[in-house]
Amino acid sequence: MSERAAPFHCPYCGEEDLRPSEEGHGAWECHACNRAFKLTYRGLLTRGFAPGGPVESPQGGSA
């Protein structure tokens, strides 16, 4: 996954009239609904990921 991935549509109105904002990395402006938003990657979930298998729940069983 690229750190510079662009959103395809506005999370508020669903339109595709998006432009990068001058606010900095990850900031976008929707010219359809006049909203500004910022996208950030927060990291991996602590529960982990098991490809092809069930995800472990915090109690030790499977979800």
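Residue numbering note: each chain is counted from 1, following its sequence as written. Side-chain atom pairs in this predicted model are given and counted only at pLDDT of 80 or more, local residue features only at pLDDT of at least 70, and totals for whole chains, interfaces and linings cover all residues. Hydrogen atoms and water are omitted, and side-chain values are computed over all heavy atoms in the structure.

## Description of the sheet that holds strand β2 (residues 27-30)
Part 1 of the argument: Pairing between two strands requires that DSSP report at least two bridges joining them. The numbering of helices and of strands both runs from the N terminus, where a helix is a DSSP run of H or I of at least 4 residues and a strand a run of E of at least 2. On the basis of which strands lie adjacent, the open sheet formed by three strands has the order β1-β2-β3 and antiparallel pairing. In this open sheet, the two edge strands, each paired with only one partner strand, are β1 (18-20) and β3 (35-38). Between one strand and the next, the sheet's axes are offset by a mean angle of 30°, whatever the strand orientation.
Part 2 of the argument: Here three bridges tie β1 to β2, and the two strands are oriented antiparallel to one another. Bridge pairing links R19 to E29 in β2. To get an axis, a line is fitted to the C-alpha atoms, and for a helix only the part in contact is used. The angle between two axes follows their N-to-C directions and goes from 0 to 180 degrees.

## Notes on the pairing of β3
Part 1 of the argument: Inspection of the sheet shows β2 paired to β3 by four bridges, in the antiparallel sense. Along β3, the bridge assignment pairs W28 with F37.
Part 2 of the argument: Hairpin geometry of β2 and β3 is characterised by an intervening segment of four residues between the two adjacent antiparallel strands and by a positive phi of about 60° at N34.

## Details of the nonpolar core
Part 1 of the argument: By nonpolar core we mean a set of buried residues, namely Ala, Val, Leu, Ile, Met, Phe, Trp, Tyr and Cys, connected to one another through side-chain atoms within 4.5 Å. Exposed residues in this analysis have more than 50% of their type's maximum accessible area, buried residues have under 20%, and partly exposed residues fall in between, with area computed by a 1.4 Å probe over protein chains only. In this structure, C10, L18, W28, C30 and F37 together form the largest nonpolar core, which totals five residues.
Part 2 of the argument: When near neighbours in sequence (up to four residues on either side) are disregarded, L18 contacts P7, F8, H9, C10, W28, E29, C30 and F37. Contacts were defined at the residue level, with two residues in contact if any of their heavy atoms lie within 4.5 Å.

## A look at the side chain of S21
Part 1 of the argument: Tracing the backbone shows S21 in the loop between β1 and β2.
Part 2 of the argument: On the basis of relative accessibility, which here comes to 13%, the residue S21 falls in the buried class.
Part 3 of the argument: Within polar-contact distance, the side chain of S21 engages the side chain of E29 at 3.4 Å.
Part 4 of the argument: Dropping the residues within four chain positions of it, S21 is found in contact with A27, W28 and E29. Here a polar contact means two N or O atoms within 3.5 Å. Within protein one must be a hydrogen donor candidate and the other an acceptor candidate, and residues neighboring in sequence count only if both atoms are side-chain atoms.

## Let's talk about the pattern of salt bridges
Part 1 of the argument: When a carboxyl oxygen of Asp or Glu is within 4 Å of a side-chain nitrogen of Lys or Arg, the pair counts as a salt bridge. Across all of its chains, the model carries one salt bridge by this definition.
Part 2 of the argument: Put simply, R19 and D17 hold a salt bridge, and the shortest N to O gap is 3.5 Å.
Part 3 of the argument: Exposure remark for R19: the relative accessible area of 41% places this residue in the partly exposed category.
Part 4 of the argument: Taking the relative accessible area as the measure of exposure, D17 reaches 31% and is therefore partly exposed.

It is worth stressing that arrangement in space is one thing and function is another; only the former is reported here.
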